[in-house]
Amino acid sequence: MSVHRTGNEVEGRVSPKIERTRPPYLQIADDLRRQIENGALREGDTVPSVRQLAADWGVAHGTARTALAVLRTEGLVVGVPGTGTIVQKRGDQGAGARAREARGTGRIYPPGQYAKITAAELVPAPDEVAVGLGVDAGSEVIRRARVTYRTESDGSEIPQSASTSWFAGELAEQAPLLLERDRIVQGTFGYIEEMTGRTPVEVLEELRLSEAGSDEEFIFGVEPGAPIIRGENWLLDDEGDVIEYGQSVLRPDRTVSYRFRLDQGSGAEISTRPEPRPDPAARWHRR
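### Section: the pattern of salt bridges
- Here the structure, examined in full by the defined rule, presents 6 salt bridges.
- The residue R33 makes a salt bridge to D30 at a minimum N-O spacing of 2.7 Å. Within this pair, R33 and its partner D30 are both found in helix α1 (residues 24–37), separated by 3 residues, close to a single helical turn. Comparing R33 with D30, the two get one shared label, buried.
- We note a salt bridge from R198 to D237, for which the minimum N-O separation is 3.0 Å. Pair noted here: R198 is in the loop between α7 (188–196) and β7 (200–211) and D237 is in strand β8 (residues 227–237), with a separation of 39 residues, a long-range link.

### A look at helix α2 (residues 50–57)
- Among the residues of α2, V50, L53, A54, D56 and W57 are the ones counted as buried. For α2, the buried positions fall inside an angular range of 170° around the axis, keeping them on one side. Of the exposed residues in α2, the ones pointing more than 90 degrees away from its buried face are R51 and A55.
- Looking one or two places after α2, you find G58, whose phi comes out positive at around 70°.

### Some remarks on the packing of aromatic side chains
- Taken as a whole, this structure holds 1 aromatic pair when the rule is applied.
- Ring geometry for W234 and Y245: centres 5.4 Å apart, planes at 45°, overall tilted. With W234 in strand β8 and Y245 in strand β9 (residues 242–250), the pair connects residues that are 11 residues apart, well separated along the chain.
- For W234, a relative accessible area of 1% corresponds to the buried category.
- Looking at K116, its charged tip hangs above the ring of Y149, at a distance of 4.9 Å from the centre.

How each quantity is defined
Residues numbered from 1 in each chain as written. Predicted model: local features only at pLDDT ≥ 70, side-chain atom pairs only at ≥ 80, totals over all residues. Heavy atoms only, no water. Salt bridge = Lys/Arg side-chain N within 4 Å of Asp/Glu carboxyl O. Helix = DSSP H or I, 4+ residues; strand = E, 2+ residues; numbered from the N terminus. Buried < 20%, exposed > 50% of the residue type's maximum accessible area, 1.4 Å probe, protein only. Arc of directions from axis to C-beta. Phe/Tyr/Trp six-rings, centres within 6.5 Å; stacked < 30°, edge-to-face > 60°. Lys NZ or Arg CZ within 6 Å of the ring centre and 35° of its normal.

Geometric descriptors of this kind do not, in isolation, establish any biological role.
What follows is the structure in structure tokens.
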């Protein structure tokens, strides 16, 4: 199979074959994703067309089209009129996508991105955090803050997002690595599940346009008042209790991507509403 490039050509490959143990469109998407991650397809390269994929894999055009749609939802490729589908820089994932990625692959950040843990400590719960976690204001909670960077081709590191994860203070004894700045190998969600038996099953995330303050000015190098994206997220266990309450800030030029499976009994609600808004966490405190 030939993989088309803009300006150059990669070495040809043997035509792939569909394995019946996994949906064909996911096998095609997995193959293209591997090529992007290992550098066989680079930013700006043109990926095979629907017609080419259908011929190479021996599938219907609709199957090939769905495979490309999967990569678009992941922020890996974008359609360009008159050119086709090309590889783009992968955008930032929302909390829901990060949780699914961590549980499915053990990885939480896209290729070329990494996080620096800037704080891991026990602090009194601010009012909004107490509401988000469903604990008393002022009670001890775990604050775990990070900045995510992308490494550019010239070796420079560009801040992409800043986020803080908040956990109930009781986890300090059950999961002590949450209070260390080192990376948790199995990921935060996997580690908490391993240490407590609490399985993360559901995510609520809200994003809204906001203005940069002094913290964002320092991290991103933007002017005070510049547009940014603020987010809040709640990670719930199988009993409906909050495991993590998160706060995040994204640069306004970043893409937030989501990928959902609609065949596993879960759904998503997308809504817009003006400020002021009701407390979104209240509907998740079910006990």
